[in-house]
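Residues per chain are reported as follows:
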Amino acid sequence: MLASQYYIRTLREAPAEAEIASHRLLLRGGFIRPVGAGIFNWLPMGLRVLQRVEQVIREEMNAAGAHEVLMPVLHPRELWERSGRWDTFAPTPLRVIDRAEREFCLGPTHEEVVTDLVAMDLDSYREIPATLYQIQVKFRDELRPRAGLIRCKEFIMKDAYSFDRDREGLDRSYDAMFDAYVRIFERLNLPVVTVEAEAGSIGGTDTREFMLLSENGEDTVYMCDSCDYASNSECATSRAPQPIEPAAASTRELVDTPDAKTVEQVTAMLGVTPDRLVKTLLFRSDEGFIAALVRGDRALNDFKLARNVQGEELRMANDAEVRELTGARVGFAGPVGLPDDVRIIADHEVSALSDFVTGANQDDAHFVNVNLGADFEVDDWADLREACHGDACAHCATGTLEAHRCIELAHVFKLGTKYSSAMDATFRDAEGTESPCIMGCYGIGVSRIVAALVEQYHDDSGIMWPREAAPFDATILLLSPDDDELRAIADNLYSDLGDRGIEVLYDERDASPGVKFAEADLIGCPVRVVVGRTTRNEGKVELRRRADGHDELASLEDAVDAVLRLLESR
RNA sequence: CGGGGCGUGGCGCAGUUUGGCAGCGCGUUUGACUGGGGGUCAAAAGGUCGCCGGUUCAAAUCCGGCCGCCCCGACCA
């Protein structure tokens, strides 16, 4: 590609809206342009990167035996009614209405569509296993788009869906996808870690996420420093402490805590640390009211609570319900003297406390010196709290959990029959018995990978693309475009590299050397070839590897091979 | 949705407190010079100051409403 003919739109200064490196550099380098919050144009250079990432994914998916399809963006409401997700999927799908007032959503994911597709086409066990995938735009009505390409309202995703006869088949399909993902991230030079995760609105079990550790990520993972346990903070567990014998040495006492509704206010007023307080959180579920107890310095994990509760519904009690249950306004709930039908579930850590503080179930008052047994009974013990950095690992004897920020790049799920049952995706086995397919689903955030690559590979002057994702393999800078001899050398090199399958951005523009160097660094092709002074004086071209600044000289005859070698070297 | 910040030529910003000619740097265009890290000189183009309304002799500036963008948080009592 001749730079003079190409659509290169770099910015000398980053737009003020961009804070993180990937957002800033993708804008500056002329890869993307904003349209609205979480909505972007892909410029020619950015599209090349996106397409190369897609190509890596496509090759590995095909190699794993998956078949590419393309499904629609527009999903009829009826389809989502059948899976029951029209009203429950979070984040809420973007909805649209046509002139006949038929309702649709813009697909946030494609379980419904693909399962319906397969339901129509699939009849016999002879036709499965089958895995279908697509690379397509997805829409999600995010609470808040942020961080450039990392969280968008509209983004590119590769989603795959497997259909099997039985659990063993699902395991094989799942493993095949898992292995393909490992190869994809290897080829893209992204050192991901896989972690346990929550299935969320997709559903299913055995879900794992592929995470890139990065300060600018929005997720947190906990990794054990001793064993190989790694989990999203959503479901990370830590080792429960040893319960202590209830001492009951002290007697419960009522103290005035006017207007002290938060843990912070109560502990400040009473002069105790938050780990001496037990927080009582009231929930409403299908089975009735639930009081969840965690230590004052801990955060309750709602996924964990939900796992210990029957039924679908689980929400915080509202102000009126709190008053009905406790006789007090929000902020003064405690386990002592709650109605008998309120089920008390406590986090294991509470069992190691004595003489603690709780709400008194009356306005502006708390209890001190509360003790298990003496003052109240716990119905069920469970792991309810968010894990914390430094917690003891629950999976080995000696390890400690370490918190890391990360970017979620992919997520794989074993779905089972959730969708195949709902959408009638059934097959007949050899005996003629009809059963629903056993499904798995596998997603990769393609556009998010582009951002992740920049987060992982950049320096102060620009991007350092790994070869498989780079917009061009190499760039040639012709520093003296008016010098016919040098121009002929650069022209030849450009064409020779092209003949060898190397995609080159050839900067033959009438611009100053400084501009060309700065722009080449910003755009970040893996190898830079300079034709200039050294070529005129010594008959050699200069090669530099963008990733590490490695420099070398090559004679004109060796130049093409040298470029190839540098491309292969990392 | 709650909180905070911002909105002024393409980009980055000053000017708003205290109303009085709409400015600076970069980029762009033209010409000359230059030619190894966003070069120099000269000239030029480019703005309904986010939108609507109000106050005023006069509004980028004050008041009201709305819109957009960015950041933090979002049932944790």
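Residues numbered from 1 in each chain as written. Chains lettered and ligands numbered in written order. Predicted model: local features only at pLDDT ≥ 70, side-chain atom pairs only at ≥ 80, totals over all residues. Heavy atoms only, no water.

## Thoughts on the sheet that holds strand β16 (residues 314–316)
- Taken in spatial order, the five strands make up an open sheet running β16-β14-β15-β17-β20, and their pairing is mixed. Edge positions in the sheet fall to β16 and β20 (380–382), since each of these pairs with one other strand and no more. This sheet shows a mean twist of 30 degrees between the axes of neighbouring strands, independent of strand direction.
- In this fold helix α8 (residues 319–326) packs onto β14 (278–285), β15 (288–295) and β16, with an angle of close to 115 degrees to the strand it touches most, β14. (Pairing = 2+ DSSP bridges. Helix = DSSP H or I, 4+ residues; strand = E, 2+ residues; numbered from the N terminus. Axes fitted to C-alpha atoms, helices over the stretch in contact; angles between N-to-C directions. Contact = heavy atoms within 4.5 Å.)

## Observations regarding the side chain of E519
- Examined against the element boundaries, E519 turns out to sit in helix α12 (residues 513–523).
- You can call E519 buried: its relative accessible area is 11%.
- Of note is the side chain of E519, whose polar atom sits 2.5 Å from the side chain of T10.
- When sequence neighbours within four positions are dropped, the list of residues in contact with E519 reads I8, T10 and R509. (Buried < 20%, exposed > 50% of the residue type's maximum accessible area, 1.4 Å probe, protein only. Polar contact = N/O pair within 3.5 Å; in protein donor to acceptor, adjacent residues only side chain to side chain.)

## Structural notes on the side chain of N232
- Secondary-structure assignment places N232 in strand β12 (residues 230–232).
- Classification of N232 by relative accessible area gives buried; the value is 1%.
- Polar contacts involving the side chain of N232 include one to the side chain of S233, which spans 3.5 Å.

## Structural notes on the pairing of strand β1 (residues 32–36)
- The pairing of β1 with strand β2 (residues 39–42) spans four bridges and is classified as antiparallel. When the sheet's bridge partners are listed, I32 is paired in β2 with W42.
- Between β1 and the antiparallel strand that follows it, β2, lie two residues; G38 among them carries a positive phi value of about 75 degrees.

## What about the protein's contact with RNA strand B?
- Contacts to RNA strand B come from 50 residues, most closely from R12, K261, K279, G331 and D521.
- Considering the 4 Å shell around the protein, atoms of RNA strand B inside it are sugar or phosphate in 50% of instances.
- Between a phosphate oxygen of RNA strand B and a side-chain N or O atom of K279, the distance comes to 2.6 Å.
- Between R528 and RNA strand B, the recorded distance is 3.0 Å, taken from a side-chain N or O atom to a base oxygen.
- Elements with a minimum of two residues in the surface near RNA strand B: β14, α12, β29 (527–531), α13 (533–538) and β30 (540–545).
- Examining the composition of the surface near RNA strand B, we find that eight residues originate from one element, α12, more than from any other.
- Of the residues assigned to the surface near RNA strand B, the class counts are 22 nonpolar, 10 polar and 18 charged. (Near = heavy atom within 4 Å. Nonpolar A, V, L, I, M, F, W, Y, C, P; charged D, E, K, R; others polar.)

## Digging into the sheet that holds strand β27 (residues 474–478)
- What the five strands build is an open sheet, ordered β28-β27-β29-β30-β31; its pairing is mixed. Of all the strands in the sheet, the pair left with one neighbour each is β28 (504–507) and β31 (551–555). Each strand of the sheet is rotated relative to its neighbour by a mean of 20 degrees, with strand direction disregarded.
- Sheet contacts for helix α11 (residues 484–499): β27, β28, β29 and β30; angle to β27, the most-contacted strand, approximately 170 degrees.

## Re the domain arrangement of chain A
- Examined at the domain level, chain A breaks down into domain 1 (17–190 + 415–454), domain 2 (253–382) and domain 3 (472–568).
- If you average the C-alpha positions of domain 1 and of domain 3, the two centres end up 39 Å apart.
- Taken together, the contact pairs seven residues of domain 1 with five residues of domain 3.
- With both chains or domains summed, domain 1 and domain 3 bury close to 620 Å², and 59% of this area falls on carbon and sulfur atoms.
- On the domain 1 side of the contact with domain 3, M45, R48 and R52 bury the most area, a combined 65% of that side's loss.
- One can count two salt bridges joining domain 1 with domain 3.
- Our count for the contact surface shared by domain 1 and domain 3 stands at two residue pairs in polar contact (both at pLDDT 80 or more).
- For the side of domain 1 that touches domain 3, the secondary-structure elements that each account for two or more residues are α1 (21–28) and α2 (44–63).
- Among the elements that make up the side of domain 1 that touches domain 3, the one with the highest residue count is α2 (three residues).
- When grouped by side-chain class, the residues that make up the side of domain 1 that touches domain 3 number three nonpolar, one polar and three charged. (Domains from an automatic or database assignment. Buried area = accessible area lost by both parts, 1.4 Å probe. Salt bridge = Lys/Arg side-chain N within 4 Å of Asp/Glu carboxyl O.)

## Overview of unusual backbone geometry
- Cis geometry marks the peptide bond from I128 to P129, where omega comes out at 10 degrees.
- Relative to the helices and strands, P129 is located in the loop between α4 (111–121) and β7 (130–139).
- At A147, a position not held by glycine, the phi torsion is positive, near 60 degrees.
- Positive phi outside glycine occurs at N189, with the angle close to 60 degrees.
- Within the secondary structure, N189 is located in the loop between α5 (167–187) and β9 (193–196).

## Some remarks on the pattern of salt bridges
- In this structure the tally under the stated criterion is 42 salt bridges.
- For the salt bridge of E218 with R151, the shortest nitrogen-to-oxygen distance reads 2.7 Å. Taken together, the residues span a long stretch of sequence, with E218 in the loop between β10 (205–213) and β11 (219–224) and R151 in the loop between β7 and β8 (154–164) at a distance of 67 residues.
- Salt bridges here are not isolated pairs; linked through shared partners, they connect R295, D297, R298, E349, R385 and D391.

## Re the packing of α11 against helix α14 (residues 559–568)
- Running from N to C, α11 and α14 cross one another at 55 degrees; their axes reach a closest spacing of 10 Å. For the element pair α11 / α14, the angle class is oblique. Remark: the crossing between α11 and α14 carries right-handed chirality. Facing α11, whose interface residues are L493, D496 and L497, α14 presents A559, V560 and V563.
- Here the contact of α11 with α14 is composed, by residue class, of five nonpolar, no polar and one charged. (Parallel < 35°, antiparallel > 145°, perpendicular 65-115°, else oblique. Left-handed = near helix turned anticlockwise from the far one by under 90°.)

## Let's talk about α11
- End to end, α11 covers 22 Å across 16 residues, agreeing with the expected 22 Å (1.5 Å per residue, within 8%).
- When α11 is considered as a whole, its buried residues turn out to be L486, I489, A490, L493 and L497. An end-on view of α11 places all buried positions within 95 degrees of arc, on one side of the element. Exposed residues lying more than 90 degrees from the buried face of α11 are D484 and D499.
- Of the surrounding secondary structure, the elements contacted by the buried residues of α11 are β27, β28, β29, α13, β30 and α14.
- N-cap assignment for α11: the residue whose side-chain oxygen lies 3.0 Å from the backbone N of E485 is D483.
- Positioned one or two residues after α11, G501 has a phi angle of 85 degrees, which is positive. (Expected span 1.5 Å × (residues − 1). Arc of directions from axis to C-beta.)

## A word on the nonpolar core
- In this structure, L26, F31, V53, Y181, F185, I449 and W465 are the most contacted members of the largest nonpolar core, which totals 66 residues.
- Two domains each put at least three residues into this core: domain 1 (17–190 + 415–454) and domain 3 (472–568).
- Beyond its immediate chain neighbours, meaning those up to four positions away, W465 contacts L26, F31, V49, V450, L453, V454, A470, P471, I523, G524 and P526.
- Core analysis: the next-biggest nonpolar cluster, separate from the first, contains 25 residues, M71, W86, V114 and I128 among them. (Core = buried A, V, L, I, M, F, W, Y, C linked by side-chain atoms within 4.5 Å.)

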